[in-house]
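In case you want the letters, here they are:
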Amino acid sequence: MSLIDSYRRRGKRPKAFPTTAPRAVTVGDGEITTYTYGGDLFEDMLAAIEGAQRQVLFETYIWKGDAMGERFKRALIAAADRGVEVYCIYDAFANLVVNPAFQRFPANVKVLRYPVYPAGWRFFDLRRYGRDHRKILVIDDRVGFVGGYNVGTPYETEWRDTHVRITGPAVWDLKRAFADFWNLNRRRRLRGSERPLLLETASDWEPRVRVQRNVPRLWMFPIRAMYIEAINRASRNVWMTQAYFLPDQDFVDAVKDAARRGVDVRLVLPLKSNHIVADWISRGYFSQLLDAGVRILRYRDAMVHAKTATVDGTWSTVGTANIDRLSLQGNFEINVEIIDEDFAAELEAIFETDQAHCLELTSGEWEARDLHRKFTELVLAPLRPLL
C-alpha cells in the first residue's frame, strides 16, 4: 500500500488551492486566530519563538529535516542560547525517515523523543501503544498554537490544513497538556531533559474554550464523546472537514440520525488522500451516509488534512484528532472546543471556501462505481476496527 501511495504521488506537481487569510476573533479575554495556509502559520510560529522571553514548549508528530524543519530547529536552539527554557517533543515513529543528524540537539534544548515502541516489557498493555499525534506550541504564558499542521516544507504550501493561535486564559490549558505529557512519558531519572516539567498553574479559566485531550496511558478519550454530543444536539447544521474519516458505527449512526431529522450535514474529505488504505476503507461508509442525506464533498488538487467541525453556528472544534479509531481510541490527541458564535461564523466561512473547491459525490455516481472499487471496500472492511 505504501508503494501505491508513492506511485500516486510520483510526478505530481502541487496545485494552488483557495485559502482564507488569518483573522482573529475575540473570545472572552483572549483571541483565536485561524490559519488555513502553512506559510502564514509557520511565519507566525517562528516569530513567536523568536520573541520568547522565558519558555518555549514545542510538540509535533512529524518534524521533517528539510528547509522549514531546519528553520524551526535553528529558532529553538537560538531561543535556548539566549536563556529561554526550551522543551521539545516529537514522535520517533513518525520521523523514522528523518536523518538522525537532524534529531541531535545541544544540551540546553530539552528533548523528549517519544519512542518507536513505547510499551517496553508490557506487551499486552494496550494503553502503551498510542502514538503522540499532537501538535502544540506554547510561548511563555501569552500565546499557544494547536491544530493539524506538522512541521516541514510540504506543509508550508502544498497541504490544506487548519491551525489556531490562542491568547488568554486558554493558553494555560495547552501548557498543562504539554507538561502532563512530558511528565507522564519522561524517563524516571533526574538529570538533563528527563527532569519533570513543573508549572505554576493560573486560577483564571475561559469556559468558552475547552481543551480536550485523549490520553491512552490513562484510558481517557473525551474527544469522541465531544463530537457525538455536539452532533446529537445539532438542530441546524453539522459541517465537518476531516482528513481521514473511518468512524465506528455509533459515530456513523449519530451523523445519519442528524441528517434524517433535517440537519444540514456536510462532510469535506480529500478526493485522494496521502494514504490509499484510508481512502478505500472510508468509502465503505459512503452508501449509508448518502442514503441518510449527508452531503459528501471531496476536496481536489491538494491534501486536505484539517480536523475541524462546526455545529449550529455556536459550537466548533479544531485539533489534531482524525475521525478514526487510531485518533479517537488510541493516540495522544488534543482538540480545542470553542463555544462562540463569532468563531463558528469564521469556521463556516472557511468551510464555504473549501466547499467551492470540492466535487460533490452523488448517490447515482456512487452506485455506478467500478466493480473493483466495490470489491476493494469489501475486502478491506475487516480492517475498520484497527484504523
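Computed from a predicted structure; not experimentally measured.

Conventions adopted
- Residues numbered from 1 in each chain as written.
- Predicted model: local features only at pLDDT ≥ 70, side-chain atom pairs only at ≥ 80, totals over all residues.
- Heavy atoms only, no water.
- Helix = DSSP H or I, 4+ residues; strand = E, 2+ residues; numbered from the N terminus.
- Buried < 20%, exposed > 50% of the residue type's maximum accessible area, 1.4 Å probe, protein only.
- Pairing = 2+ DSSP bridges.
- Axes fitted to C-alpha atoms, helices over the stretch in contact; angles between N-to-C directions.
- Salt bridge = Lys/Arg side-chain N within 4 Å of Asp/Glu carboxyl O.
- Phe/Tyr/Trp six-rings, centres within 6.5 Å; stacked < 30°, edge-to-face > 60°.
- Lys NZ or Arg CZ within 6 Å of the ring centre and 35° of its normal.
- pLDDT = per-residue confidence, 0-100.
- Contact = heavy atoms within 4.5 Å.
- UniProt positions renumbered as here; feature names shortened; annotations may be inferred.
- Polar contact = N/O pair within 3.5 Å; in protein donor to acceptor, adjacent residues only side chain to side chain.
- Expected span 1.5 Å × (residues − 1).

**Q** Can you explain the overall build of the protein chain? Please cite residues and give values.
**A** Along the protein chain, the regular secondary structure elements total 13 helices and 20 strands. Out of the 387 residues belonging to the protein chain, those deemed buried represent 56%.

**Q** Go over the sheet that holds strand 11 (residues 237–242), please, and point to the residues and values.
**A** Hydrogen bonds along the backbone pair up the strands of a sheet, which may run parallel or antiparallel. Taken in spatial order, the eight strands line up as 10-19-17-16-11-13-14-20 in an open sheet, and their pairing is mixed. Either end of the sheet is taken by a strand with one partner, and the two such strands are strand 10 (209–214) and strand 20 (358–361). Going across the sheet, the axis of each strand differs from the next one's by a mean of 15 degrees, ignoring polarity. Looking at chain direction, strand 17 (residues 315–319) and strand 19 (residues 333–339) are connected through five bridges and run antiparallel.

**Q** How would you summarise the pattern of salt bridges if you had to cite specific residues and measurements?
**A** Side chains that carry opposite charge are capable of pairing whenever their charged atoms lie near each other. Inspection of the entire model under this criterion finds 24 salt bridges. One salt bridge in this structure joins arginine 298 and glutamate 365, with 2.9 Å as the shortest N-O distance. Highlighted residues: arginine 298 in strand 14 (residues 295–299) and glutamate 365 in helix 12 (residues 363–367), separated in sequence by 67 residues. When its relative accessible area of 40% is taken as the criterion, glutamate 365 is described as partly exposed. Ionic contacts of the salt-bridge type, sharing partners, join the residues Lys15, Arg300 and Asp301 into one network.

**Q** Describe the packing of aromatic side chains, naming the residues involved and giving the relevant values.
**A** Applying the stated criterion across every chain yields a total of 23 aromatic pairs. When the centroid spacing of 6.4 Å and the interplanar angle of 40 degrees are considered together, the rings of tyrosine 35 and phenylalanine 145 count as tilted. Note that tyrosine 35 is positioned in strand 2 (residues 30–35) and phenylalanine 145 in strand 7 (residues 143–147), a separation of 110 residues in sequence. Here phenylalanine 145 falls in the buried class, since its relative accessible area comes to 0%. Measuring from centroid to centroid gives 5.9 Å for tyrosine 114 and phenylalanine 332, while their planes differ by 80 degrees, and the two rings are edge-to-face. Highlighted residues: tyrosine 114 in strand 5 (residues 109–114) and phenylalanine 332 in the loop between helix 10 (325–328) and strand 19, separated in sequence by 218 residues. In terms of burial, tyrosine 114 and phenylalanine 332 fall into one category: buried. Three or more aromatic residues link up through ring pairs in this structure, and these residues are Phe42, Phe58, Trp63, Phe72, Tyr90, Phe102, Phe105 and Tyr149. Here the guanidinium or amino end of lysine 73 rests over the ring plane of phenylalanine 105, the centre of that ring lying 5.0 Å away.

**Q** Break down the confidence of the model for the protein chain for me, with residues and values.
**A** Mean pLDDT for the protein chain: 90, with 89% of residues reaching 70 or above. Low pLDDT, under 50, characterises residues 189–193; the stretch is placed with seven contacts to residues that sit more than four places away or in other chains.

**Q** How would you sum up the UniProt feature "domain: PLD phosphodiesterase" (unreviewed entry) in the protein chain? Please name residues and give values.
**A** Cross-referencing UniProt, the feature "domain: PLD phosphodiesterase" (unreviewed entry) maps to residues 128–155 and 300–327 in the present numbering. Annotated as 11% helix and 32% strand, the span residues 128–155 places its first and last C-alpha atoms 29 Å apart. Structurally, residues 300–327 is divided into 11% helix and 50% strand, and its ends, taken at the C-alpha atoms, are 24 Å apart.

**Q** I'd like a description of the sheet that holds strand 9 (residues 163–167), backed by residues and values.
**A** In space, the eight strands of this open sheet follow the order 1-2-9-7-6-3-4-5, with mixed pairing throughout. The open sheet has two edge strands with one neighbour each: strand 1 (23–27) and strand 5. When the angles between neighbouring strand axes are averaged without regard to direction, this sheet yields 15 degrees. By the bridge criterion, five bridges tie strand 7 to strand 9 in an arrangement that is antiparallel. The residue bridging glycine 144 from the neighbouring strand is isoleucine 166, located in strand 9. Its contacts with the sheet put helix 2 (residues 38–50) on strand 2, strand 3 (55–60), strand 6 (136–139), strand 7 and strand 9, and the angle it makes with strand 7 is roughly 145 degrees.

**Q** Explain the side chain of histidine 305 to me, using residue names and the numbers behind them.
**A** Of note, histidine 305 is situated in the loop between strand 15 (303–304) and strand 16 (307–311). For histidine 305, a relative accessible area of 4% puts it in the buried group. A polar contact is formed between the side chain of histidine 305 and the backbone oxygen of glycine 148, at a distance of 3.2 Å. Those residues within four positions of histidine 305 in sequence are excluded, and the remaining contacts are Lys135, Gly148, Asn150, Trp159, Arg160, Asp161, Ala243 and Tyr244.

**Q** Give me the lowdown on helix 6 (residues 222–233), citing residues and values where you can.
**A** Its twelve residues give helix 6 an end-to-end C-alpha distance of 17 Å, which sits within 8% of 16 Å, the value for a rise of 1.5 Å per residue. All of the buried residues along helix 6 are Ile223, Arg224, Met226, Tyr227, Ile228, Ala230 and Ile231.

**Q** Describe helix 11 (residues 341–355), naming the residues involved and giving the relevant values.
**A** Here helix 11 contains 15 residues, and its C-alpha end-to-end distance of 20 Å stays within 8% of the 21 Å for a straight helix at 1.5 Å per residue. At the N-terminal boundary of helix 11, the capping side chain belongs to aspartate 340, with an oxygen 3.1 Å from the backbone nitrogen of aspartate 342.

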